[in-house]
Amino acid sequence: MYPDPQRLEDLSSIRDAMRQISQEAAVAVEVLDSRIEEERLDGRTEAVEVRSILELIQSLTLEVSEKLDAYQGRHTR
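Presented here is an overview of the structure given in this document. (Residues numbered from 1 in each chain as written. Predicted model: local features only at pLDDT ≥ 70, side-chain atom pairs only at ≥ 80, totals over all residues. Heavy atoms only, no water.)

### Regarding the overall build of the protein
What the protein contains, in helices and strands, is 2 helices and 0 strands. Against the 2.2 N^0.38 benchmark of 11 Å for 77 residues, the protein shows a C-alpha radius of gyration of 17 Å, more extended than a compact globule. With the principal axes as the frame, the protein shows a C-alpha extent of 55 × 20 × 10 Å. Counting only residues that meet the buried cut, the protein has 19% of its 77 residues in that class. (Helix = DSSP H or I, 4+ residues; strand = E, 2+ residues; numbered from the N terminus. Rg over C-alpha atoms; globule rule 2.2 N^0.38 Å. Buried < 20%, exposed > 50% of the residue type's maximum accessible area, 1.4 Å probe, protein only.)

In structure tokens form, the structure reads like this:
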């Protein structure tokens, strides 16, 4: 039995978006680690940088959720 190409494409898209979420979270941690190690902390800069990354993660999470909803609608009938 060969897998449905559309199903594979859908799952690959969901996986890629989840991978990007993971990478963005890693960037947020690296930013904070770097600032802590270098003792370059002013509060505002870290908050702005981390908030920006978290907003991107939130947007990506919404995108993944929408893709997953569409996937379920197409493949769970």
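### What about the side chain of Arg-35?
Along the chain, the position of Arg-35 falls in helix H1 (residues 5-38). We classify Arg-35 as buried; its relative accessible area is 14%. For Arg-35, the side chain forms a polar contact with the side chain of Glu-49, separated by 2.7 Å. Filtering out sequence-adjacent residues up to four positions away, Arg-35 remains in contact with Arg-40, Leu-41, Thr-45, Glu-46 and Glu-49. (Polar contact = N/O pair within 3.5 Å; in protein donor to acceptor, adjacent residues only side chain to side chain. Contact = heavy atoms within 4.5 Å.)

### Remarks on the side chain of Glu-24
Among the secondary structure elements, Glu-24 is positioned in helix H1. At 12 Å, Arg-19 is the nearest oppositely charged side chain to Glu-24, a buried residue that forms no salt bridge. Residues within four places of Glu-24 in sequence aside, it is in contact with Ile-53, Leu-56, Ile-57 and Leu-60. (Lys, Arg positive; Asp, Glu negative; His and termini not counted. Salt bridge = Lys/Arg side-chain N within 4 Å of Asp/Glu carboxyl O.)

### Some words on the nonpolar core
In this structure, Ile-14, Ala-17, Ile-21, Ala-28, Ile-53, Ile-57, Leu-60, Val-64 and Tyr-71 together form the largest nonpolar core, which totals 9 residues. For this core, the elements supplying multiple residues, two or more each, are H1 and helix H2 (44-75). The biggest single contributor to this core is H2, with 5 residues. Here Val-64 is in contact with Ile-14, Ala-17, Met-18 and Ile-21, once residues within four sequence places are set aside. (Core = buried A, V, L, I, M, F, W, Y, C linked by side-chain atoms within 4.5 Å.)

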